[in-house]
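Each chain, written out:
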Amino acid sequence: MADIKEAADALSVTSEGLPTIVWYPGHMAKAKRLISDNLKLVDVVIELVDARIPVASANPMLKELIGRKPRLIVLNKMDLASPAITKAWVSYYRSQDIAAVAVDAAQGRGIKELVKLTAKLAAGKTNRLENKGAKARAPRAMVLGIPNVGKSSLINRLAGKVKAKAENRPGVTRAKQWIHIEGGFDLLDMPGILWPKFDDPMVGLHLSYTGAISDEAIDTEPVVLRLIGWLRENFSRDLINRYKLELGGGESLPEDNVELLELIGRKRGHLEKGGIVNHDKTKKLLLKEFRAGLIGKYTLDLPPDKPEVQETEAENNGTGSKEDSRD
Ligand SMILES: Nc1nc2c(ncn2[C@@H]2O[C@H](COP(=O)(O)OP(=O)(O)OP(=O)(O)O)[C@@H](O)[C@H]2O)c(=O)[nH]1
Ligand SMILES: [Mg+2]
């Protein structure tokens, strides 16, 4: 499994100690060429983004790269994202005339609709070819996405439906492997790695929260402290429930993120001699549980036309009825 660090040229930090990505123009041009070479082979592009961070996990240059080729945006890992905000994202894309669908490639949710939509988008091209007298062929698609977004899971999930029937087609440049997806299209059996946006510190932060940037590559302390702050501001009820942070009457969570981290650490018994909290243990726990959706199902990037969704979500989460099932 690759991560952003391997795809990027360098990982750097901002003045606040937050991760940011540095790309060199030469390497970027090479990556672009690699993608455009493969793009030539397909009729439709399946762009995978992480439903929790549709902005941070998207490639801002893809639109320009693929030109007028049909594109389907797939919001993967929907099982970990806020259902209401995922819905809002799908409507947003559709309002922009971009086909979009939410899926869970790990469990197979949404895959049928994905196949249907891809076939429909690609059919325009093959129909045009046939009208010009070319021999009929199945439409072709490829999967693109940043590291760790679920490209292999999606390809396996699609291939699994037809028992991974792969074939080596002659006549195609460098004899690529294609998987025939029944009732749908031919899928290029090789995902294209995209690079995420790199000029916005929020992007690095959100990629770290969700694990697209591996923890070994960065100092997780400032990242986890920001995450704790975000959770406290938006979903304090979830934190209280998950970590059983019983507070005295009228008391609220500590404003200080380090204090809150230590409170959680103490609750989980992450103590060393002298009653000092082992920050490292608590940081790892928080990241693991956040990424697994155990604290709650959150979407960090909001659609441009729906900034108010997060608030509604926070209110809904505060009702307490679903917390029991999370332990
Ligand atoms: N919860 C959840 N996890 C998923 C989903 N799709 C993929 N994953 C997990 O995400 C991780 C990365 O998935 P991969 O399919 O390896 O992602 P990839 O894009 O091929 O990654 P690289 O090859 O490293 O670029 C794995 O641990 C998967 O099990 C999903 O829909 N839901
Ligand atoms: Mg992969």
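Keep in mind that what you see is a predicted model, and the values were worked out from it rather than measured.

Caption draft 1: How the structure looks around the layout of surface pockets. Taken as a whole, the largest pocket encloses approximately 540 Å³ of empty space. Elements that contribute at least two residues to the lining of the largest pocket include exactly helix H3 (62-66), strand E4 (71-76) and helix H4 (83-95). Looking at the lining of the largest pocket, its residues break down into 14 nonpolar, 3 polar and 6 charged.

Caption draft 2: The nonpolar core, seen in detail. Grouped together as the largest cluster of nonpolar side chains are 74 residues, with contacts concentrated most on Leu114, Leu154, Leu187 and Phe290. Looking at which element gives the most residues to this core, the answer is helix H8 (residues 220-242), with 10 residues. A domain-level breakdown of this core finds at least three residues from each of domain 1 (4-193) and domain 2 (201-326). Not counting chain neighbours up to four residues away, the residues in contact with Phe290 comprise Tyr209, Leu227, Trp230, Leu231, Ile295, Tyr298 and Leu300. By size, the runner-up hydrophobic cluster in this structure holds 15 residues, among which are Val49, Ala51, Leu75 and Tyr92.

Caption draft 3: Inspection of helix H10 (residues 279-291) at higher detail. The first and last C-alpha atoms of H10 sit 18 Å apart over 13 residues, in line with the 18 Å expected at 1.5 Å per residue. Turning to H10, its buried residues are Thr282, Lys283, Leu285, Leu286, Leu287, Glu289 and Phe290. The opening residue of H10, the one whose side-chain oxygen lies 3.1 Å from the backbone nitrogen of Asp280, is Asn278. Phi for Gly293, located one or two positions after H10, is positive at around 75°.

Caption draft 4: A look at the side chain of Thr118. Along the chain, Thr118 turns up in helix H5 (residues 111-131). What makes Thr118 buried here is its relative accessible area of 0%. Leaving out residues up to four positions away in the same chain, Thr118 has contacts with Val44, Ile46, Leu72, Ala141 and Phe185.

Caption draft 5: Broad picture of the pattern of salt bridges. Applying the stated criterion across every chain, the model contains 12 salt bridges. As a salt-bridge pair, Arg71 and Glu47 come within 2.9 Å of each other at their nearest N and O atoms. One end of the pair, Arg71, is in strand E4; the other, Glu47, is in strand E3 (residues 44-50), with 24 residues separating them in the sequence. For Glu47, a relative accessible area of 2% corresponds to the buried category. Salt bridges linked by common partners bring Glu221, Asp280, Lys283 and Lys284 together as one network.

Caption draft 6: Seen up close, the environment of Glu262. Examined against the element boundaries, Glu262 turns out to sit in helix H9 (residues 257-267). In this structure Glu262 comes out as partly exposed when scored by relative accessible area, which is 24%. When the C-alpha atoms of Glu262 and Thr282 are compared, they prove to be 7.8 Å apart, with 20 residues separating the residues in sequence. The residues touching Glu262, leaving out its near neighbours within four places in the chain, are Val277 and His279.

Caption draft 7: Quick peek at empty space enclosed by the protein. Counted according to the given criterion, the structure contains 1 cavity of 30 Å³ or more. As for the largest cavity, its lining consists of Asp50, Arg52, Ile53, Ser57, Lys77, Ile146, Pro147, Asn148, Val149, Thr210 and Ala212. Here the lining of the largest cavity is built from residues that sort into 5 nonpolar, 3 polar and 3 charged.

Caption draft 8: Highlighting the packing of aromatic side chains. Summed over all chains, the structure comprises 8 aromatic pairs. Considering the side-chain rings of Phe290 and Tyr298, the 5.9 Å spacing of their centres and the 20° angle between planes classify their relative orientation as stacked. Summarising the burial analysis for this pair, Phe290 and Tyr298 share the class buried. Note that Arg140 overlies the ring of Trp178, its terminal NZ or CZ placed 5.4 Å from the centroid.

The rules we used
Residues numbered from 1 in each chain as written. Chains lettered and ligands numbered in written order. Predicted model: local features only at pLDDT ≥ 70, side-chain atom pairs only at ≥ 80, totals over all residues. Heavy atoms only, no water. 1 Å grid on protein atoms, 1.4 Å probe; cavity = no way out; pocket = protein on both sides within 12 Å on 5 of 7 lines; lining within 4 Å. Points joined across faces, edges and corners; volume = space filled by probe spheres on them. Helix = DSSP H or I, 4+ residues; strand = E, 2+ residues; numbered from the N terminus. Nonpolar A, V, L, I, M, F, W, Y, C, P; charged D, E, K, R; others polar. Core = buried A, V, L, I, M, F, W, Y, C linked by side-chain atoms within 4.5 Å. Buried < 20%, exposed > 50% of the residue type's maximum accessible area, 1.4 Å probe, protein only. Domains from an automatic or database assignment. Contact = heavy atoms within 4.5 Å. Expected span 1.5 Å × (residues − 1). Polar contact = N/O pair within 3.5 Å; in protein donor to acceptor, adjacent residues only side chain to side chain. Salt bridge = Lys/Arg side-chain N within 4 Å of Asp/Glu carboxyl O. Phe/Tyr/Trp six-rings, centres within 6.5 Å; stacked < 30°, edge-to-face > 60°. Lys NZ or Arg CZ within 6 Å of the ring centre and 35° of its normal.

What is shown is where atoms sit, not what they do.
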